[in-house]
Amino acid sequence: PTPKVSFIRAFRDNYIWMIESGSQAVLVDPGDATPVLNAFKQRKLKLAGILLTHKHNDHTGGIANLLKKNDVPVYGPANDGIPTVTHPLKEGDTVTFDALGGLKFSVLDVPGHTLGHIAYYAESQKWLFCGDLLFGAGCGRIFEGTPAQMFESINKAAALPDDTLVYAGHEY
């Protein structure tokens, strides 16, 4: 089956992205395990892996509970200090999920919100999972980086094809 993207709401305005194909799914930024476990039970899905964009708890807080019942790889930024990351990534790295029909992601370094923030781009699908880099009407707050870093990161995302679908970490 062709992979498809859906969202799981968490907290007040977070999105946990779920990329599923058949009975397998990959999560992006699971900040809360409870709604994820409910969605997986309802849809009869198995967790194939986790992608993390940055270290903030509203994007990583559910990982420990998810790993209690799932022995899966956790991909995330090499330079953001996330202890649960098993596969540290930086720009130029790729991640391929055989469980999702060989879906391949390229990693982009997009510092600004945090210094180690990364994004995942699936060229074949034209999907960008950008965490707190971009939102529907703006960009993420600069916590650790500089305005110049954030500007460069936004320009990196803007250089992707115009028909790229942007999957942001929040509903604002």
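Residues numbered from 1 in each chain as written. Predicted model: local features only at pLDDT ≥ 70, side-chain atom pairs only at ≥ 80, totals over all residues. Heavy atoms only, no water.

Novice: Help me understand the environment of M18, please; the structure alone is not making it clear to me.
Specialist: With respect to the element layout, M18 can be found in strand 2 (residues 14–21). The exposure class of M18 is buried, given its relative accessible area of 0%. Measuring from C-alpha to C-alpha, the distance between M18 and V28 comes to 6.4 Å, with ten residues separating the pair along the chain. Leave out the neighbours within four places in its chain, and M18 touches K4, V5, S6, I8, A25, V26, L27, F40, R43 and L45. (Helix = DSSP H or I, 4+ residues; strand = E, 2+ residues; numbered from the N terminus. Buried < 20%, exposed > 50% of the residue type's maximum accessible area, 1.4 Å probe, protein only. Contact = heavy atoms within 4.5 Å.)

Novice: In this structure, what is going on with the state of the cysteines? I would like to understand it.
Specialist: Here is the idea: a disulfide is a covalent bond, and it sits between the sulfur atoms of two cysteines. The tally for this structure, following the rule as stated, stands at zero disulfides. In this structure C130 is not part of a disulfide, and its nearest cysteine sulfur, from C139, lies 10 Å away. For C130, a relative accessible area of 0% puts it in the buried group. (Disulfide = S-S within 2.5 Å.)

Novice: Looking at this structure, I do not really get the sheet that holds strand 4 (residues 46–51). What am I missing?
Specialist: The pairing of strands in a sheet happens through backbone hydrogen bonds and is either parallel or antiparallel. The six strands are arranged 1-2-3-4-5-6 in an open sheet whose pairing can be described as mixed. Strands at the two margins of the open sheet, each flanked by one partner only, are strand 1 (4–10) and strand 6 (87–89). Geometrically, the sheet is characterised by an average inter-axis angle of 25 degrees between neighbouring strands, direction not taken into account. Relative to strand 4, strand 3 (residues 24–28) is paired through five bridges, and the arrangement is parallel. Paired with L27 across the two strands is I50, which belongs to strand 4. (Pairing = 2+ DSSP bridges. Axes fitted to C-alpha atoms, helices over the stretch in contact; angles between N-to-C directions.)

Novice: Would you explain helix 4 (residues 147–158) in this entry?
Specialist: Note on helix geometry: an α-helix contains 3.6 residues per turn, so any two residues three or four positions apart are oriented the same way. With twelve residues, helix 4 extends 16 Å from end C-alpha to end C-alpha; this agrees with the ideal 16 Å at 1.5 Å per step. Along helix 4, the residues that are buried comprise M150, S153 and A157. Along the long axis of helix 4, the arc covered by the buried residues comes to 65 degrees, so they all point the same way. Among the exposed residues of helix 4, those oriented more than 90 degrees off its buried face are A148, F151, E152 and A158. (Expected span 1.5 Å × (residues − 1). Arc of directions from axis to C-beta.)

Novice: What exactly am I supposed to notice about the nonpolar core here?
Specialist: Nonpolar side chains in soluble globular proteins generally cluster together in the buried interior. If you look at the biggest cluster of nonpolar residues, it comprises 21 residues, and the most contacted ones within it are I19, L51, F97, F105, Y120 and F129. When contributions to this core are tallied by element, the ones reaching two or more residues are strand 2, strand 3, strand 4, strand 7 (94–97), strand 8 (103–109), strand 9 (118–122) and strand 10 (127–131). Counting residues in each nonpolar core, the second largest holds 20 residues, with I8, A25, L52 and V74 among its members. (Core = buried A, V, L, I, M, F, W, Y, C linked by side-chain atoms within 4.5 Å.)

Novice: Which parts of the structure should I look at to understand the sheet that holds strand 9?
Specialist: Taken in spatial order, the five strands make up an open sheet running 7-8-9-10-13, and their pairing is mixed. Every interior strand has two partners, whereas the edge strands, strand 7 and strand 13 (165–168), have only one. Averaged over neighbouring strand pairs, the angle between their axes works out to 25 degrees when direction is ignored. Bridging between strand 9 and strand 10 involves three bridges; their strand directions are antiparallel. Paired with Y121 across the two strands is L128, which belongs to strand 10.

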